[in-house]
Amino acid sequence: MAEKGANGDWRVNQWLKKAVLLSFRLNDMSVIPGGPGKAVWWDKVVSKFEGWDEPRFREAGFRAVPGCVCAAPPMWRRAWC
């Protein structure tokens with residue numbers, strides 16, 4: 001939603017910020033399955049890994065654990081995280 005400029009200042013992408021806020025207004029909360037031990041969570045955003053299987057995770061080459069942000073190598077972070 002924001003990016004760091006060459007001078008070190010942060011710039012908020014207003015159109016993206018508005019899109020995210022609008023999506024939260026338009027989408028209802030629901031039970032999201034897929035947590036460890038068949039745990040679920042209550043949210044408006046499905047997991048970014050929904051539908052992934054073991055081969056897809058292996059191909060991606062990073063760890064995805066409960067509560068993770070992303071543990072990808074720096075060169076992949078833009079593509080995966």
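Our structure is the block above this text.
So, how was this worked out
- Residues numbered from 1 in each chain as written.
- Predicted model: local features only at pLDDT ≥ 70, side-chain atom pairs only at ≥ 80, totals over all residues.
- Heavy atoms only, no water.
- Helix = DSSP H or I, 4+ residues; strand = E, 2+ residues; numbered from the N terminus.
- Buried < 20%, exposed > 50% of the residue type's maximum accessible area, 1.4 Å probe, protein only.
- Contact = heavy atoms within 4.5 Å.
- Areas by Shrake-Rupley, 256 points an atom, 1.4 Å probe, with all protein chains shown as cover.
- Phe/Tyr/Trp six-rings, centres within 6.5 Å; stacked < 30°, edge-to-face > 60°.
- Polar contact = N/O pair within 3.5 Å; in protein donor to acceptor, adjacent residues only side chain to side chain.
- Salt bridge = Lys/Arg side-chain N within 4 Å of Asp/Glu carboxyl O.

Caption draft 1: Here's a closer look at the overall build of the protein chain. The helix and strand inventory of the protein chain stands at 3 helices and 4 strands. Along the protein chain, helices and strands appear, N-terminal first, in the series β-β-α-β-β-α-α. Counting only residues that meet the buried cut, the protein chain has 10% of its 81 residues in that class. Considering only residue pairs separated by 6 or more positions, the protein chain has 8% of its internal contacts joining residues 24 or more positions apart. Just so you have it, the protein chain exposes about 7,000 Å², and 58% of that area is on carbon and sulfur atoms.

Caption draft 2: Seen up close, unusual backbone geometry. Phi at K38 is positive, roughly 65°, even though this residue is not glycine. Relative to the assigned elements, K38 resides in the loop between strand 3 (30–32) and strand 4 (41–43).

Caption draft 3: Main features of the packing of aromatic side chains. Applying the stated criterion across every chain, the model contains 5 aromatic pairs. Relative to F57, the ring of F49 has its centre 5.4 Å away and its plane inclined at 50°; by these criteria the two rings are tilted. Among the residues examined, F57 registers a relative accessible area of 28% and is labelled partly exposed. Connected via pairs of aromatic rings, a cluster forms that spans F49, W52, F57 and F62.

Caption draft 4: A look at the environment of P33. Here P33 is to be found in the loop between strand 3 and strand 4. Looking at P33, the relative accessible area reads 57%, which means it is exposed. With 17 residues separating them in the primary sequence, P33 and E50 have C-alpha atoms 9.1 Å apart. Not counting the four nearest positions on each side in its chain, P33 is found in contact with A39, V40 and W41.

Caption draft 5: Quick look at the side chain of N13. When you line up the elements, N13 lands in the loop between strand 2 (10–12) and helix 1 (14–26). Overall, N13 belongs to the buried group, its relative accessible area being 12%. At 3.0 Å, the side chain of N13 and the side chain of R11 are in polar contact. In this structure, N13 is in contact with M1, A2 and E3, ignoring residues within four places of it in sequence.

Caption draft 6: Representation of the pattern of salt bridges within the structure. Taken as a whole and assessed by the stated rule, the structure comprises 2 salt bridges. Put simply, E3 and R11 hold a salt bridge, and the shortest N to O gap is 2.5 Å. Judged by relative accessible area, R11 falls into the partly exposed class, the value being 47%. Close ionic contact of R58 with E54 constitutes a salt bridge, the shortest N to O distance being 2.9 Å. Placement of the pair is R58 and E54 together in helix 2 (residues 54–60), with a separation of 4 residues, close to one helical turn. E54 sits in the exposed class, given a relative accessible area of 52%.

Geometric values such as these leave the question of function open.
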